[in-house]
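The lines below spell out each chain.
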Amino acid sequence: MVQVIFLGPPGSGKGTQAARVSELFQVPHISTGDILRTHVAQQTDLGQKAKAFMDRGDLVPDGLILDMVLDRLHQPDAQKGWILDGFPRNVAQATFIEQVVLQQKAENASENAQDKSLNTINLEVPDQVLIERLLARGRADDCEQTIRHRLQVYHEQTEPLIQFYRDRNQLSIVNGNLSVDQVTAELKKAIVAA
Ligand SMILES: Nc1ncnc2c1ncn2[C@@H]1O[C@H](COP(=O)(O)OP(=O)(O)OP(=O)(O)O)[C@@H](O)[C@H]1O
Ligand SMILES: Nc1ncnc2c1ncn2[C@@H]1O[C@H](COP(=O)(O)O)[C@@H](O)[C@H]1O
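Residue positions within a chain follow its written sequence, with the count starting from 1. Chain labels run from A onward and ligand labels from 1 onward, assigned in the order the entries are written. Whole-chain, interface and lining totals are the exception, using all residues; otherwise, since this is a predicted model, local features are given only for residues with pLDDT of at least 70 and side-chain atom pairs are given and counted only at 80 or more. The side-chain quantities take in all heavy atoms of the structure and omit both hydrogens and water.

Naming follows an unreviewed UniProt entry, where the protein appears as Adenylate kinase of Limnoraphis robusta CS-951. UniProt positions are given in the numbering used here, feature names are shortened, and annotations may be inferred rather than shown by experiment. The heading Function (unreviewed entry) in the UniProt record of the protein holds the text "Catalyzes the reversible transfer of the terminal phosphate group between ATP and AMP. Plays an important role in cellular energy homeostasis and in adenine nucleotide metabolism."

Here you go:
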């Protein structure tokens, strides 16, 4: 049983490493960015509402995100754990997922199930390296102006979560400015499955 939250700025390797850790622990990789991009591609109501925020590099409003995440976490494959990539992105989202985890824990305790272990990982990478990586990745929102805005949004809204999880003794810091294999090796050491 393992629950992992990947924090870290855009381009820090959350998606790359979440896919590997998901394979390792056989739990789903849940990327809110990927789910949103699917909604945009399928032109769902949610996708149409989210698109302008994503194009600008702003966070999509919590009112659109929280139900989407809850729905994904209630799917059968997520009952033995999950790897969250790109969520939470602000304090309201972190408080939300904390409540979900606590509720699940209470339900499982009454069934005498195994405890779940929450690991929050912050991947640290200098801004200049992030910009170079994202320009090379070349996703629709990877132009320089949007990258700089996403970094600003990260520093203002997501970075405070480092202290949020530090206060709860749930934070591991991993150097993301190493090779992909080296970062995975560090993650294997950091993640505790219960
Ligand atoms: N350790 C690494 N060294 C060099 N390049 C890397 C490393 N990890 C990931 N990359 C590359 O950097 C780019 C960004 O990685 P990735 O998409 O995993 O980041 P992310 O944190 O999920 O970004 P975003 O939040 O914008 O989705 C990709 O092109 C990826 O191949
Ligand atoms: N958790 C989220 N809250 C608000 N907006 C989000 C969230 N996750 C993704 N988004 C939006 O999607 C793009 C791309 O996300 P990536 O994680 O970089 O793939 C992001 O800029 C937000 O607009």
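### Examining the pairing of strand β3 (residues 81-85)
Counted residue by residue, β3 has five buried out of five residues, so it is predominantly covered. Here β3 shows a buried face lined by Gly81, Ile83 and Asp85 and a second buried face lined by Trp82 and Leu84. Each pair of strands is called paired provided DSSP finds at least two bridges between the two strands. In this text, helices come from DSSP runs of H or I with a minimum length of four residues, and strands from runs of E with a minimum of two, each type numbered from the N-terminal end. When strand β2 (residues 29-31) meets β3, the two strands line up parallel, connected through three bridges. Considered in β3, the bridge of His29 is made with Ile83. For every residue, the accessible area obtained with a 1.4 Å probe (protein chains only) is divided by the maximum for its type, and the residue is called buried under 20%, exposed over 50%, and partly exposed between those limits.

### Examining the UniProt feature "binding site: AMP" (unreviewed entry) in the protein
Within this numbering scheme, the UniProt entry marks Thr32, Arg37, Asp58, Leu59, Val60, Gly86, Phe87, Pro88, Arg89, Gln93, Arg139 and Arg150 as carrying the feature "binding site: AMP" (unreviewed entry). What stands out for the annotated residues spanning 119 residues is how far apart their C-alpha atoms range, the widest pair being 24.8 Å apart. Among the structural elements, Arg37 can be located in helix α2 (residues 32-41). Given a relative accessible area of 29%, Arg37 falls into the partly exposed group.

### Observations regarding the site of ligand 1
The criterion for a residue being near a molecule or strand is simple. One of its heavy atoms has to lie within 4 Å of it. Near ligand 1, the surroundings consist of 17 residues, among which Lys14, Gly15, Thr16, Arg137 and Leu178 are the closest. N or O atoms within 3.5 Å of each other form a polar contact, as long as, within protein, one can give a hydrogen and the other can take it, and as long as residues adjacent in sequence are counted only when both atoms are side-chain atoms. Note that an oxygen atom of ligand 1 is positioned 2.8 Å from one of the side-chain N or O atoms of Lys14. Within the side chain of Arg133, one N or O atom sits 3.3 Å away from a nitrogen atom of ligand 1. For every accessible area listed, the method is Shrake-Rupley and the probe measures 1.4 Å; residues are considered covered only by the protein chains on display. The fraction of the free accessible surface of ligand 1 (630 Å²) that becomes covered by protein chains is 75%. Side-chain classes are defined by residue name, with Ala, Val, Leu, Ile, Met, Phe, Trp, Tyr, Cys and Pro counting as nonpolar, Asp, Glu, Lys and Arg as charged, and the others, Gly among them, as polar. Here the shell around ligand 1 is built from residues that sort into five nonpolar, seven polar and five charged.

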